[in-house]
Amino acid sequence: MTNQLPHTLATRAFHTSDTDLHVCLISEEAGLELRTLALAPAPPRPVPAYPHAKALFHVGAYCGSALVSVGTFMLEDMESAQEGQLSGRSWRIHGMATAQEFRRLGFATAVLDHGLREVRRLGGLLVWCNGRITASSFYRHHGFEQIGDERHLPGLPAHFRFKRAVGQPHFS
């Protein structure tokens with residue numbers, strides 16, 4: 001199945017309503033094409049992309065029947081959490097991706113919020129990620145703190161590292 005959006009969805013301006021948005025856990029395979037398209041020039045990882053993960057889940061947001069935003073949440077300690085109360089209770093966000101024409105409409109927020117609820121349910125205390133500089137305002141808007149300076153990974157756009165304690169929902 002291709003993730004190409006129906007022409008009417010891809011070309012018309014619209015406002016998101018509750019009936020347009022559906023967010024749920026998805027398979028890794030379901031989000032692969034969107035992740036590949038939206039995260040270029042990052043090379044796609046073959047499925048399973050994270051075979052070493054102790055635990056993980058994938059979240060997707062749909063506009064009607066089109067998958068338009070995805071994110072993977074994986075149990076993985078950040079270096080500073082290797083010891084202490086956060087060890088084994090930190091989750092990393094990987095591959096947050098939203099189709100270009102669906103950005104700034106609430107789909108990525110729905111993926112993030114759903115993922116944070118699931119992390120909280122699983123006993124997580126911290127969520128972190130390496131987010132592209134172009135996504136830094138998204139993460140800050142959702143209560144994430146930037147850690148350190150700009151990071152450069154070979155063949156990828158510049159990133160920042162972000163973290164957020166998982167507690168009560170963040171309202172902005």
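For the structure itself, look to the data block above.
The paragraphs below set out a description of the structure included in this document. Residue numbers restart at each chain and count upward from 1, following the sequence in its written direction. Thresholds applied to this predicted model are a pLDDT of at least 70 for local features of residues and 80 or more for the giving and counting of side-chain atom pairs; totals over whole chains, interfaces and linings are not thresholded and use all residues. Side-chain calculation: all heavy atoms of the structure are included, whereas hydrogens and water are not.

Side note on the pairing of strand E3 (residues 66-75)
Walk down a regular strand and you will see the side chains alternate between the two sheet faces. Burial analysis of E3 places nine of its ten residues in the buried class, the great majority of the element. By the convention used here, strands pair only if DSSP detects at least 2 bridges between them. Secondary structure elements follow DSSP: runs of H or I no shorter than four residues count as helices, runs of E no shorter than two count as strands, and numbering proceeds from the N terminus. Taken together, the eight bridges between strand E2 (residues 56-63) and E3 define a ladder with antiparallel strand orientation. Of the residues in E3, the one forming a bridge with His-58 is Thr-72. Counted along the chain from E2 to the antiparallel partner E3, the turn is two residues long, and its residue Gly-64 has a positive phi close to 65°. Pairing analysis gives six bridges linking E3 to strand E4 (residues 90-98), with the strands arranged antiparallel. The partner of Val-70 across the bridge, within E4, is Ala-97. When accessible area is computed with a 1.4 Å probe and restricted to protein chains, residues below 20% of their type maximum are described as buried, those above 50% as exposed, and intermediate ones as partly exposed.

Observations concerning the layout of surface pockets
The volume enclosed by the largest pocket comes to roughly 1300 Å³. Of the two site types, the cavity is a set of points on a 1 Å grid over the protein atoms alone where a 1.4 Å probe fits but cannot get out, and the pocket is an open set with protein on both sides within 12 Å along at least five of seven lines, each lined by residues with an atom within 4 Å of a point. Along the wall of the largest pocket there are 43 residues; nearest its centre are Leu-39, Gly-95, Met-96, Ala-97 and Arg-132. Going through the elements one at a time, helix H2 (28-38), E4, helix H3 (107-121), strand E5 (126-132) and helix H4 (136-141) are the ones with two or more residues in the lining of the largest pocket. A total of seven residues in the lining of the largest pocket trace back to one element, the largest contributor, which is E4. The residue classification treats Ala, Val, Leu, Ile, Met, Phe, Trp, Tyr, Cys and Pro as nonpolar and Asp, Glu, Lys and Arg as charged. All others, Gly included, are polar. Of the residues belonging to the lining of the largest pocket, the class tally is 22 nonpolar, 14 polar and seven charged. Grid points are joined across faces, edges and corners, and a volume is the space filled by probe spheres set on the points.

Re the pairing of strand E7 (residues 159-165)
With five of seven residues buried, E7 lies mostly within the body of the structure. In terms of strand pairing, E5 meets E7 through seven bridges, oriented antiparallel. Note that in E7 the partner of Val-127 across the bridge is Arg-164.

Things to note about the pattern of salt bridges
A pair is scored as a salt bridge if a Lys or Arg side-chain nitrogen falls within 4 Å of a carboxyl oxygen belonging to Asp or Glu. With the rule as written, the count across this model stands at two salt bridges. Taking the shortest distance from any N to any O, the salt bridge between Glu-76 and Arg-92 comes out at 3.1 Å. With Glu-76 in the loop between E3 and E4 and Arg-92 in strand E4, the pair connects residues that are 16 residues apart, well separated along the chain. Residue Arg-121 is joined to Glu-118 by a salt bridge in which the shortest nitrogen-to-oxygen separation is 2.6 Å.

Digging into the nonpolar core
If you look at soluble globular proteins, the nonpolar side chains tend to sit buried side by side. What we call a nonpolar core is a set of buried Ala, Val, Leu, Ile, Met, Phe, Trp, Tyr and Cys residues that are connected through their side-chain atoms within 4.5 Å. By size, the foremost hydrophobic cluster in this structure holds 33 residues, and its most contacted members are Phe-73, Ile-93, Met-96, Leu-112, Val-119, Val-127 and Phe-144. Residue contacts follow a heavy-atom distance rule, with two residues in contact if any of their heavy atoms lie within 4.5 Å. The residues contacting Phe-73, other than those within four sequence positions of it, are Ala-55, Leu-56, Phe-57, Val-59, Trp-91, Arg-92, Ile-93, Val-111, Leu-112, Gly-115, Leu-116 and Val-119.

So, the packing of aromatic side chains
Aromatic ring pairs are defined here through the distance separating the ring centres and the angle between the ring planes. Under the pairing criterion, centres of Phe, Tyr and Trp rings, with the six-membered ring standing for Trp, must be within 6.5 Å; the plane angle then separates stacked pairs below 30 degrees from edge-to-face pairs above 60, leaving the rest tilted. Following the criterion strictly, the structure yields seven aromatic pairs and no others. A centroid spacing of 5.6 Å and a plane angle of 85° characterise the contact between Phe-102 and Phe-107, whose relative ring orientation is edge-to-face. On the basis of relative accessibility, which here comes to 0%, the residue Phe-107 falls in the buried class. Among the aromatic residues, those joined into a cluster by ring pairs are Phe-138, Tyr-139, Phe-144, Phe-160 and Phe-162.

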